Every structure is written in structure tokens, then in C-alpha cells.
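An overview of the molecular structure
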Amino acid sequence: MLEGSILQQLETAHRHTTRPIRFGVYYKNTLVALCHALEDHILTDDGTPLVITAFQQGKWYLQEAERYADIAQRSREIAIMAAAESGFAEHPTSQLLNVDLVALDELDPVAQEWHLIILSPKYTAMVICQELSEADYGSTGIPTSDLERKFYGLWTFEPELVQETAEIAIAHIKKYNPELAEKLTGDKQQIIPLMHRSQNLGAVVSRVVDYLQTGQDNLSIPTALQKQTLDRNLVSNEIQAFLRMAQLMDMADVNNPMAAAEIVVLAEAIAQLLDLPAWQIKRLRLAALLHRIDPLQKAESVLTGGISTRYQEDAPSCPLTCPLVPGAQVLRTMPRLRAVAQIITHQSEWWNGTGEPAGLAGDEIPLESRILALLADFQWRLNQRKSSNQSREQIFTQALDECRQQQSTRFDPKLVNTLALLVMGLQQGLDLPMMTPKFSAGIWILDSQWDSHSKISEEIGSYFT
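This one's a predicted model, so the numbers in the text were calculated from it and none came from an experiment.

Here we come to the overall build of the protein chain. Per the secondary structure count, the protein chain includes 18 helices and 7 strands. By the burial criterion, 55% of the 465 residues in the protein chain qualify as buried. Long-range pairs, those at least 24 residues apart, make up 73% of the contacts in the protein chain with a sequence separation of at least 6. Accessible surface for the protein chain amounts to roughly 19600 Å². Of this, 52% is attributable to carbon and sulfur atoms.

Here you go:
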């Protein structure tokens, strides 16, 4: 990581915090697809964002300059950093009133970075990375295929991280152009108060996944091994898009921000008590992480944190053959996530057949959906009591009793009995990660485990057997 680069400054700022940044390694074709997806979303959205980008060299900007003329029409301001080359400042796009160029010194470490930072009232997004050095490639050397070049960095939708990176970038721009830096700071300060805490990322995530898949289809891969490697790269980044959307949905719930992480822990414990196979446990784990991408969920339910508001009488109803409604349909854009989409869709079915969306009853409801429904309700009840003066044992007992009242109507009675065994263990001293009385404490599970590109690639095959 280059000393003095924006990526290095971001890593240093988080190195000793409770949420260190987890970086990944990405192929160039992945980054091209990500950036084009985010840029094209600007063209279809009316959020008029602030855009800060770095192209390494001016010639890369010139290849995209016509495209950025269109982006400028839908943006508040665009700041473009690159090592200046012939034609860099003369292109017509560079003359637009809301486009400003920052000609970086060739020795500036930022001139070796690839950035796209978007601050919009409707969403935030960024891609930030550096190319691996020749030494990083080892004995294989730098790839001969341009699209197989690799970059070290991250991409995210997280508002606080995008804002922080924008501030670092603006501070760097200040060294070259203090007036522009002041202008960008003013733009950022105007946008931030307008930001929605609960971001609707369905459209941009769908676009990201579509572009990743299209970019992969257009590649000419010389060997089967290289194709397998790039396939894992594609799957990893598709899942990261959904996980980051789910992360923001949890972050938007100020009353219950750790729901997904805590339900994952409970689900794994229940699955082990039921002696489920490893592939099913992993699929349940992923469904728990994504469970708030919910077809029956009203937008306000995430903000209120009320589990009962998730099941509305006017929720859409459809037979099993109908297309999934928006929340799960987003997941359907990735074929490998269709099973997970079904689990999430049917978490709102009731054991007695009166639930939504298909009116399934009893064992007709997928087992993972039944587990997810029970644990989402149980976790919400635990969270409601986290600030009370009750003991740990009392909190678990009352939450379980309230779930028991709904067995044979809403919940599978056998699963309620299994949950009772787990609660008994917790009351007798069994300690599950993140299930202590201080429910909101801990590191978000996506940051600590799921942002790792390599870990997703290693495990991905077993989710979809």
C-alpha cells in the first residue's frame, strides 16, 4: 500500500478501531464493471451527486471523457484527479462549469490509485484501489491479459465510510487547489443533511450485479483454471453487493442494528441442535444475513424495528409460480441466490397456513424459512428488553414464552421446543458470540468476516448444493 495514498490514509485511520477495514483483491474487469454500473446509475437517478474520481493517468480519463460529459449533466460537481497528459485539460468535458481537473504530480501516490466516490442525497457508493505491484504477483509475473490485472482495495455503499474517504480526497485536492477543495467541502456539507438514513439500494445493487455478470460473459479466458478463478471473483462480488445492501438496512434500524448478526449466531446454534448438514447450515447463515431484504417488509418497518409491522394484512399475495416481489426479486438476479431468495420469501408464512405470500402450511414451508421466522421474532423480543433491568435469564425466558404463545399458529412447535433447549443452555452459562446482554456491542459480522474476498471465494460452492 503506497505511503501517503488515500487508501493508505483510510487504512491507517481504521487500523486500531473496533471496525478495521477489510480490503480485497479485485480483477480489473470487476472494477470496470463496478465503476460503469455506479456511473450509469448516476445517469438514471435524480440525486445530483458530488463525484470525486481518480484515473491514475490522464489518458484513462480521456477514454471516458465523453461519458463524463453525460454524467456531469446529472451531477452537482465532478472533481477528476489524474497525472496530466496531452489533451487532459483541453477536452470539451474538462471545460464544463461543474467539472474540475486536478493535475497530479507523477510522483504523487494518489496518481497510482483508481477511485470513484459518489455522495448523493439518495445513496453513497465508492470504489477505491491500487494496482498490485510486480512483486505482489510473485513468480507468475504481471498478467499478459489486461483484464486479469489485479487491484487491492475495497468498494462499499456505507455512508460514513464514503463520507470519510471523500474528506480525505478533498484534503489531498487542497494541496493542489485550495479553492476547489473549499467548494467541494461546501457541496458535501449541503448533501449530507439531505441523505436518507434508510437507503433504497435495490436498483443500484441490481445494476451492479447485472454489470458484473455481463462483464464476465464478455471475457475471453484462455484456460479453464483462469475461468474458474474469474468465476469465483464474480460470485464473491455479487454476494458482497447484496451483503452490503443488507448491512445498510440493519444500520438504518437505530433500535435493532445488530439483528442480522445475532440471528446468524442463533441460526447456527439451532441448526447444530437439529443436526443439519453443513451445506444447509451455510445457506441458512447467508439467508439470515440477508433476511431483511424482505418482500413483505414496509420501508418504515426497518426504521421502527417492530417485527410485527413486517407482516401487514395488505401484503402482496401470490401463488408459488408468480414472480417474487421486489425484495426477493433483487436476489433472483443472481442464479446462485435463488434458493436463498425462496427462504427469505417464505419466512413470513405461518405454520397454520394463514401467512404470506403463498399461504403454505406446516412442512410445506421450507425448513430454513421456518427457522428464520422464529429466530427473527425471538431476536427482536430480546432486543426490546436489552435496556431493561431484568436479568439475562429473565430476558431469555420472557422472549421464549412469547414465542411459545404463537406455536402451532405462527411457528413450528418442534422448532419452538428446539429453541427452548438452546435457551436452557444459555441460562446455564452457554455463551454465544454477540448474545450477551449488551446486544448492540460487537463488530458487525460483515466487516469482520464477509468483506474478505478470499473467504467468500473459498466457501461459496457449498451454499448452493
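Still to come is the rest of the account.
Within soluble globular proteins, side chains that are nonpolar tend to cluster in buried spots. Ranked by internal contacts, the top residues of the largest apolar core, which has 43 residues, are Leu375, Phe378, Leu419 and Leu422. Every element with two or more residues in this core is listed here: helix H9 (259–273), helix H10 (278–289), helix H13 (338–345), helix H14 (367–384), helix H15 (392–404) and helix H16 (413–427). Once residues lying within four places of it in the same chain are set aside, the contact partners of Leu375 are Ile263, Leu266, Ala267, Ile270 and Leu419. Counting 32 residues, the second largest nonpolar core, distinct from the first, contains Phe23, Ala83, Ala169 and Ala181.

Here strand S5 (residues 113–119) lies mainly inside the structure; 7 of its 7 residues are buried. Burial of the side chains of S5 extends over both faces: Glu113, His115, Ile117 and Leu119 are buried on one face and Trp114, Leu116 and Ile118 on the other. Two elements, strand S2 (residues 50–57) and S5, share 6 bridges in a ladder whose sense is antiparallel. Residue Val51 lies in a different strand from S5, and its bridge partner there is Ile118. Of the strand pairs in this sheet, S5 and strand S6 (residues 124–131) are connected by 7 bridges, and their pairing is antiparallel. Note that in S6 the partner of Ile118 across the bridge is Ala125. Counting the residues that bridge the hairpin from S5 to S6 gives 4 residues.

Here we come to the packing of H9 against H10. Two elements in contact, H9 and H10, have axes separated by 8 Å at closest approach and are oriented at 155°. The angle between H9 and H10 places the two elements in the roughly antiparallel class. Viewed along their axes, H9 and H10 form a crossing whose handedness is right-handed. Note on element contacts: H10 touches H9 through Ile281, Leu284, Arg285, Ala288 and Leu289, opposite Ala260, Ile263, Val264, Ala267, Glu268, Ala271 and Gln272. In terms of residue class, the contact of H9 with H10 is built from 9 nonpolar, 1 polar and 2 charged.

This part covers the sheet that holds strand S3 (residues 77–83). Overall, mixed pairing links the 7 strands, which are arranged S1-S7-S6-S5-S2-S3-S4 in an open sheet. Here the strands that pair on one side only, and so sit at the sheet edges, are strand S1 (24–27) and strand S4 (99–104). In this sheet, neighbouring strand axes are inclined to one another by 20° on average, regardless of whether the strands run parallel or antiparallel. The pairing of S1 with strand S7 (residues 150–156) spans 4 bridges and is classified as antiparallel. When the bridges of S7 are listed, Gly24 appears paired with Gly153. Each of S1, S2, S5, S6 and S7 touches helix H2 (residues 28–44); the most contacted strand, S5, lies at about 25° to it.

Time to look at unusual backbone geometry. Glycine aside, residues mostly have negative phi, and peptide bonds are mostly found in the trans state. A cis geometry characterises the amide bond from Glu356 onward to Pro357, with omega recorded as 5°. Among the secondary structure elements, Pro357 is positioned in the loop between H13 and H14. Positive phi, close to 60°, is recorded for Asp275, a residue that is not glycine. Relative to the elements of secondary structure, Asp275 occurs in the loop between H9 and H10. One non-glycine residue, Ser408, adopts positive backbone phi at about 70°.

What follows deals with the pattern of salt bridges. Using the criterion set out here, one finds 17 salt bridges in the structure. The salt bridge partner of Arg67 is Glu39, with a shortest N-O separation of 2.6 Å. With Arg67 in helix H3 (residues 58–73) and Glu39 in helix H2, this pair connects stretches of sequence that are 28 residues apart. One salt bridge in this structure joins Glu77 and Lys183, with 3.2 Å as the shortest N-O distance. Here the residue Glu77 occupies a position in strand S3, and Lys183 occupies one in helix H6 (residues 178–191), the gap between them amounting to 106 residues. Residues joined by salt bridges that share partners form a network here, namely Asp377, Arg381, Arg385, Glu402 and Arg410.

The end-to-end C-alpha distance of helix H5 (residues 159–174), which contains 16 residues, comes to 22 Å, matching closely the 22 Å that a straight helix rising 1.5 Å per residue would cover. Restricting attention to buried positions, one finds in H5 the residues Pro159, Leu161, Val162, Gln163, Thr165, Ala166, Ile168, Ala169, Ile170, His172 and Ile173.

Here the focus is the packing of aromatic side chains. If you walk through the whole model with that rule in mind, you get 7 aromatic pairs. With centroids separated by 5.5 Å and ring planes inclined at 75°, the aromatic side chains of Phe55 and Tyr68 adopt a geometry described as edge-to-face. In this pair, Phe55 sits in strand S2 while Tyr68 sits in helix H3, placing the two residues 13 residues apart along the sequence. Relative accessible area serves as the criterion here: at 10%, Phe55 is assigned to the buried category. Grouping aromatic residues by their ring pairs yields a cluster made of Phe55, Tyr61, Tyr68 and Phe88. Directly above the aromatic system of Trp60 lies the positively charged group of Lys28, at a separation of 5.5 Å from the ring centroid.

With that settled, the discussion passes to the pairing of S3. Taking burial as the measure, the 7 residues of S3 include 7 buried ones, the bulk of the element. Along S3, one buried face is formed by Glu77, Ala79, Met81 and Ala83 and the opposite face, lined by Ile78, Ile80 and Ala82, is buried too. Where S2 and S3 come together, 6 bridges link them in parallel fashion. Directly across from Val51, in S3, lies its bridge partner Ile78. Note on the crossover from S2 through H3 to S3: the handedness is right-handed.

What counts and how
- Residues numbered from 1 in each chain as written.
- Predicted model: local features only at pLDDT ≥ 70, side-chain atom pairs only at ≥ 80, totals over all residues.
- Heavy atoms only, no water.
- Helix = DSSP H or I, 4+ residues; strand = E, 2+ residues; numbered from the N terminus.
- Buried < 20%, exposed > 50% of the residue type's maximum accessible area, 1.4 Å probe, protein only.
- Contact = heavy atoms within 4.5 Å.
- Areas by Shrake-Rupley, 256 points an atom, 1.4 Å probe, with all protein chains shown as cover.
- Core = buried A, V, L, I, M, F, W, Y, C linked by side-chain atoms within 4.5 Å.
- Pairing = 2+ DSSP bridges.
- Axes fitted to C-alpha atoms, helices over the stretch in contact; angles between N-to-C directions.
- Parallel < 35°, antiparallel > 145°, perpendicular 65-115°, else oblique.
- Left-handed = near helix turned anticlockwise from the far one by under 90°.
- Nonpolar A, V, L, I, M, F, W, Y, C, P; charged D, E, K, R; others polar.
- Salt bridge = Lys/Arg side-chain N within 4 Å of Asp/Glu carboxyl O.
- Expected span 1.5 Å × (residues − 1).
- Phe/Tyr/Trp six-rings, centres within 6.5 Å; stacked < 30°, edge-to-face > 60°.
- Lys NZ or Arg CZ within 6 Å of the ring centre and 35° of its normal.
- Right-handed = clockwise from strand over helix to strand, strands pointing away.

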